[in-house]
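Chain residues, written in single-letter form:
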Amino acid sequence: PPGLEPGEMIRLLGRGEAISNGPAGDLYVKVHIDKDKTFTREGPNLAMSLDIKLSDALLGGEYKVDTLDGELKVKIPAGISANEILRVKGYGVGPKGGRRGDLMIKVLIPTPTKLSSKAKKIIEDLKHEGL
């Protein structure tokens, strides 16, 4: 069932091994959850990182992210800081029919290592403006 925690046991009535000429016992299954390359789990919440462009951090933007329910467009507010967390309610994990956790998106802003001469000039102009 959705929302299981690692290490939980599931009991399957009558699905275990039967003794000779006797009824089948119960089968107990211990749940192990593999690590995901995108998400980490924090209780009912899912956490992920998202690299955004410096220009989008300053001016705002929109990015597509993969969720357990498919692709989702996430708005990046103008002026966001590196390591800020965006919360998307209801996109975590949880019991079927119950309240799901949230998707927590940690915003990363990689610093460009190479700049074109045009980009360098624009950054120098911004520097003179006090940014």
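Since this is a predicted model, take the numbers as computed values, not measurements.

**A few points about the overall build of the chain**
If you tally the helices and strands in the chain, you get two helices and eight strands. Expected size for 131 residues packed as a compact globule is a radius of gyration near 14 Å; at 24 Å, the chain overshoots this value by more than 25%. For the chain, the C-alpha atoms occupy an extent of roughly 85 × 30 × 20 Å along the three principal directions. Considering the chain as a whole, with its 131 residues, one finds that 24% of them fall into the buried category. Sequence separation of 24 or more characterises 38% of the internal contacts of the chain that already satisfy a separation of 6 or more. Carbon and sulfur atoms make up 54% of the accessible area of the chain, which amounts to about 9,900 Å² in all. With 21 positive and 18 negative side-chain charges, the chain shows a spacing of 2 Å between the two charge centroids.

**Notes on the environment of Ile 52**
Relative to the helices and strands, Ile 52 resides in the loop between β4 (45–51) and α1 (54–59). For the pair Ile 52 and Gly 70, spaced 18 residues apart in sequence, the C-alpha to C-alpha distance is 20 Å. Beyond its immediate stretch of four places on either side in the chain, Ile 52 contacts Ala 57, Tyr 63, Ile 76, Ile 80, Val 107, Leu 108, Ile 109 and Pro 110.

**What about the pairing of β4?**
Burial runs high along β4: five of the seven residues are buried. Looking at chain direction, strand β3 (residues 40–42) and β4 are connected through three bridges and run antiparallel. Each bridged residue has a counterpart across the sheet, and for Arg 41 the counterpart in β4 is Leu 46. Taking the residues between adjacent antiparallel strands as the criterion, β3 and β4 are bridged by two residues, where Gly 43 takes a positive phi near 65°. Where β4 lies against strand β8 (residues 103–108), six bridges are found, and the strand directions are parallel.

**Regarding the layout of surface pockets**
When its volume is computed, the largest pocket comes out at roughly 320 Å³. Every residue lining the largest pocket is listed: Pro 6, Ile 33, Asp 34, Lys 35, Asp 36, Phe 39, Thr 40, Arg 41, Leu 46, Leu 68 and Val 93. Considered class by class, the residues forming the lining of the largest pocket number six nonpolar, one polar and four charged. Looking at the second largest pocket, its volume works out to about 220 Å³. In terms of lining residues, the second largest pocket is bounded by Leu 54, Ser 55, Leu 58, Leu 59, Thr 111, Pro 112, Leu 115, Ala 119, Ile 122, Ile 123 and Leu 126. At the level of secondary structure, the elements contributing two or more residues to the lining of the second largest pocket comprise α1 and α2 (117–128).

**Examining the sheet that holds β8**
Consider a sheet: its strands pair through backbone hydrogen bonds, and that pairing is either parallel or antiparallel. Spatially, the four strands line up as an open sheet ordered β3-β4-β8-β7, and their pairing is mixed. Looking at the sheet topology across the chains shown, the edges are occupied by β3 and β7 (85–88). The average angle at which neighbouring strand axes cross in this sheet is 30°, direction not considered.

**Notes on the nonpolar core**
With 19 residues, the main nonpolar core has Ile 52, Ile 76 and Ile 105 as its most contacted residues. Listing elements by their share of this core, those giving two or more residues are β4, β5 (61–67), β6 (70–76), β7 and β8.

**With respect to the environment of Val 29**
Within the fold, Val 29 resides in strand β2 (residues 27–30). Look at Val 29 and you get partly exposed, because its relative accessible area is 33%. Linking Val 29 and Lys 53, residues 24 residues apart in sequence, is a C-alpha distance of 45 Å. Once residues within four sequence positions are removed from consideration, Val 29 is found in contact with Glu 8, Met 9, Ile 10 and Leu 12.

Calculation criteria
Residues numbered from 1 in each chain as written. Predicted model: local features only at pLDDT ≥ 70, side-chain atom pairs only at ≥ 80, totals over all residues. Heavy atoms only, no water. Helix = DSSP H or I, 4+ residues; strand = E, 2+ residues; numbered from the N terminus. Rg over C-alpha atoms; globule rule 2.2 N^0.38 Å. Buried < 20%, exposed > 50% of the residue type's maximum accessible area, 1.4 Å probe, protein only. Contact = heavy atoms within 4.5 Å. Areas by Shrake-Rupley, 256 points an atom, 1.4 Å probe, with all protein chains shown as cover. Lys, Arg positive; Asp, Glu negative; His and termini not counted. Charge placed at Lys NZ, Arg CZ, Asp CG, Glu CD. Pairing = 2+ DSSP bridges. 1 Å grid on protein atoms, 1.4 Å probe; cavity = no way out; pocket = protein on both sides within 12 Å on 5 of 7 lines; lining within 4 Å. Points joined across faces, edges and corners; volume = space filled by probe spheres on them. Nonpolar A, V, L, I, M, F, W, Y, C, P; charged D, E, K, R; others polar. Axes fitted to C-alpha atoms, helices over the stretch in contact; angles between N-to-C directions. Core = buried A, V, L, I, M, F, W, Y, C linked by side-chain atoms within 4.5 Å.

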